[in-house]
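Topology and contacts: notes
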Amino acid sequence: MEVLSKRICSMGESETLAMTAKARELQAQGIDVISLSIGEPDFNTPEEVKLAAKDAIDKNFTHYPPVPGYADLREAICTKLKRDNGLDYKPEQIVVSTGAKQSIYQLVQCLVDPGDEVIIPAPYWVSYREIARAAGGECVFITTNPENDFKITPQQLEAAITPRTKLIMFSSPSNPTGMLYTHDELRAIADVVARHERVYVMADEIYEHINFVGSHASIASFADVKERVITVNGVAKGFAMTGWRIGYIAAPTVIAKACNKLQGQVTSATCSIAQKATVAAMLMDPTTSRDIIDMRETFRRRRDMVYDLLRAIPGVDVRLPQGAFYFFPRVDSYYGKHYGDYHINNSTDLSMYLLMEAHVATVMGSAFGDDRCIRLSYATSEELLREALRRISEALSKLS
Ligand code: GLU
C-alpha cells in the first residue's frame, strides 16, 4: 500500500521555495551564494506596523480571532480597497488568511470542481498551477511572448474559453514578468469575461504598490464583471511583511462565506497579532506613506541598474519591467552550449549552472511556464545585485 495519497504525489513542489532552500543549503556550507530566487523585500516592516503588533500583545489579543479576521481589520481592508482601488466592499466580503497563497488555495477549492478548466496565462506564478490541479482543475495555459510584454490579448482569452471554463487566474503587476495590465487592457479582458457567465476571475494584486508607471488598475472595478471577480491581496510585498503571513480576498458574499467555511476547517483563523499589525498597514495611504514610497523608489533604482547590467550581457533578451521586483529575461540563446561538465539544454540547466558555477540563485523559467527564461528577483541591495550580475555575466561568457 502506498503511504502517500496520489494527490500529494502528483503535486509539484514550489520551485521558488526549492531554489531558495538550495541556496540556503550552500550558504550553510560556507559558500557565498547570492540569492535572487525568492521574491522577498529586504526592507524592515514599517515602525507603526511593528508598534501595532506590540500593542496587540500588551492588550492580550492572544485568543482565537473570528475565522475570517477581526472586524476592525476587515473594515480597514474595505477602507483600503475604497481609497486605493475605488472598490466598494463590505466586511462580510473579506476573508483574511495566512498569506495570499492560502487565500488563493481556499478560493480555488471553493470554486473549482474536478474537470473544470482553469485558464492561466503563462508565464504565471508557480503555485497557480499546482493549486488548480489540487482542486482537480484542468489547467489551460495561454502562451504569451516578450514582444507583447507577456500579456494576453482578449482574442486569446476568448479562444481559450470553453463551456468547462470556471476560472481565470492572473497577477498584475505580474510575478514573474513584472508587466502590468492597464485599465484599458483590463476593460477589454472584462468584456470577454462579461460574455461568459460561468467564468470567474482571480485577480492577484499583491504587487500593487510596486508599480513604476502609474496607477494600479483592478478588474473588479468594472461593474459588469465585479460579481465574478475575486481580488487577492496581502501585505507581504508592499509592506515588507512576508513573515507575518497575511493575505486576503475581497469577493462576492457567497464566495467569501465558502472560503470562511473552509478556513474554519483548516486554520480556524489567522494569527491575531499579525492581524492587528495589518490594521496599521491598511491605514497607511500609499500616496503619502514614506515607507511605501521609499521602498518603491528603491526598487525603481535597482530595476534601472539591473536592466542596464542585464542588457550588457550578450545573448540575454530583457524587457524593462513596469512593476513587482522581478526580471524574466530570455536566455535560450545559451541552450545547446556547455562548459566543462555542464550542458545547458533548458532553463533548469541554466539556473543550476548559475547556482553551482556563479553562486547566484535564480529560478528556472519552466517553473513559471516559460522555459526560454529565468527569473531574477532584485529585492536585494545594489551592491549584491551588482556582484550577482557580474558573476552571471562571467559564468555565461564561459559557455560555448
Ligand atoms: N511569491 C514569492 C515568489 O514568487 C515567494 C515565494 C513563493 O511563495 O513562491 O518568490
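Heads up: the structure comes first, above all this text.
This write-up is about the structure you can find in this document. (Residues numbered from 1 in each chain as written. Predicted model: local features only at pLDDT ≥ 70, side-chain atom pairs only at ≥ 80, totals over all residues. Heavy atoms only, no water.)

Of the regular secondary structure elements, the protein chain holds 13 helices and 14 strands. Here the C-alpha atoms of the protein chain give a radius of gyration of 21 Å, agreeing with the 21 Å that 2.2 N^0.38 yields for 400 residues. Looking at the 400 residues of the protein chain, the share that counts as buried comes to 56%. For the protein chain, the accessible surface area stands at approximately 16,800 Å², while carbon and sulfur atoms represent 52% of it. (Helix = DSSP H or I, 4+ residues; strand = E, 2+ residues; numbered from the N terminus. Rg over C-alpha atoms; globule rule 2.2 N^0.38 Å. Buried < 20%, exposed > 50% of the residue type's maximum accessible area, 1.4 Å probe, protein only. Areas by Shrake-Rupley, 256 points an atom, 1.4 Å probe, with all protein chains shown as cover.)

Another point: a nonpolar patch on the surface. Taken together, the side chains of Val3, Leu4, Ile8, Met11 and Tyr105 make up a nonpolar region of the molecular surface, amounting to roughly 490 Å² of accessible area. Note on placement: Met11 falls in the loop between helix H1 (6–9) and helix H2 (15–28). For Met11, a relative accessible area of 32% puts it in the partly exposed group. (Patch = residues over 30% accessible without salt bridge, like charges linked within 9 Å, V, L, I, M, F, W, Y side chains within 5 Å. Salt bridge = Lys/Arg side-chain N within 4 Å of Asp/Glu carboxyl O.)

Turning our attention to the site of the ligand. Near the ligand, the surroundings consist of Thr16, Leu17, Ile38, Gly39, Lys101, Trp125, Asn175, Lys237, Tyr326 and Arg375. The separation between an oxygen atom of the ligand and a polar side-chain atom of Lys101 is 3.0 Å. Between the ligand and Arg375, the relevant distance is 2.8 Å, taken from an oxygen atom to a side-chain nitrogen or oxygen of the residue. Of the residues that constitute the shell around the ligand, the class distribution is four nonpolar, three polar and three charged. (Near = heavy atom within 4 Å. Polar contact = N/O pair within 3.5 Å; in protein donor to acceptor, adjacent residues only side chain to side chain. Nonpolar A, V, L, I, M, F, W, Y, C, P; charged D, E, K, R; others polar.)

Once that is clear, we can look at the sheet that holds strand S2 (residues 94–97). Reading across from one edge, S2-S8-S7-S6-S5-S3-S4 is the order of the seven strands in this open sheet, with mixed pairing throughout. Since the sheet does not close on itself, it has two edges, and those belong to S2 and strand S4 (138–143), each with one partner. Averaged over neighbouring strand pairs, the angle between their axes works out to 20 degrees when direction is ignored. Relative to strand S8 (residues 247–250), S2 runs antiparallel, the two sharing four bridges. Note on S8: the bridge partner recorded for Ser97 is Gly247. Strands S2, strand S7 (229–234) and S8 of the sheet are contacted by helix H4 (residues 71–85), whose axis makes an angle of about 115 degrees with S2. (Pairing = 2+ DSSP bridges. Axes fitted to C-alpha atoms, helices over the stretch in contact; angles between N-to-C directions. Contact = heavy atoms within 4.5 Å.)

What follows concerns helix H9 (residues 253–266). For H9, built from 14 residues, the straight-helix expectation of 20 Å at 1.5 Å per residue is met to within 8% by its first-to-last C-alpha distance of 20 Å. What H9 keeps buried is the set Ile255, Ala256, Cys259 and Gln263. End-on view of H9: buried residues confined to an arc of 95 degrees, all on one side of the axis. Seen from the open side of H9, the exposed residues pointing more than 90 degrees away from its buried face are Val254, Lys257, Lys261 and Gln265. Against S2, helix H5 (100–111), strand S6 (200–204), S7 and S8 lie the buried residues of H9. Two residues or fewer after H9 comes Ser268, characterised by a positive phi angle close to 70 degrees. (Expected span 1.5 Å × (residues − 1). Arc of directions from axis to C-beta.)

This part is about the pairing of S4. As judged from the six bridges shared by strand S3 (residues 117–122) and S4, these two strands associate in the parallel manner. Its bridge partner lying in S4, Val118 is registered against Cys139. After leaving S3, the chain enters helix H6 (residues 126–134) and then returns to the sheet as S4, a path that is right-handed. (Right-handed = clockwise from strand over helix to strand, strands pointing away.)

To continue, consider the sheet that holds strand S14 (residues 374–377). Consider a sheet: its strands pair through backbone hydrogen bonds, and that pairing is either parallel or antiparallel. Across the sheet, three strands lie side by side as S9-S14-S13; this open sheet has antiparallel pairing. Each edge of the open sheet is held by one strand with a lone partner, namely strand S9 (326–327) and strand S13 (363–364). Inspection of the sheet shows S9 paired to S14 by two bridges, in the antiparallel sense. Residue pairing in the sheet places Phe327 in a bridge with Leu376 of S14.

With that out of the way, let us pick up the packing of H5 against H6. Two numbers describe how H5 lies on H6: the axes approach to 9 Å, and their chain directions differ by 35 degrees. Where H5 crosses over H6, the handedness of that crossing is right-handed. Residue-level inspection shows Lys101, Ile104, Tyr105, Val108 and Gln109 of H5 in contact with H6, the latter providing Ser127, Tyr128, Ile131, Ala132 and Ala134. Taken together, the residues of the contact of H5 with H6 break down into seven nonpolar, two polar and one charged. (Left-handed = near helix turned anticlockwise from the far one by under 90°.)

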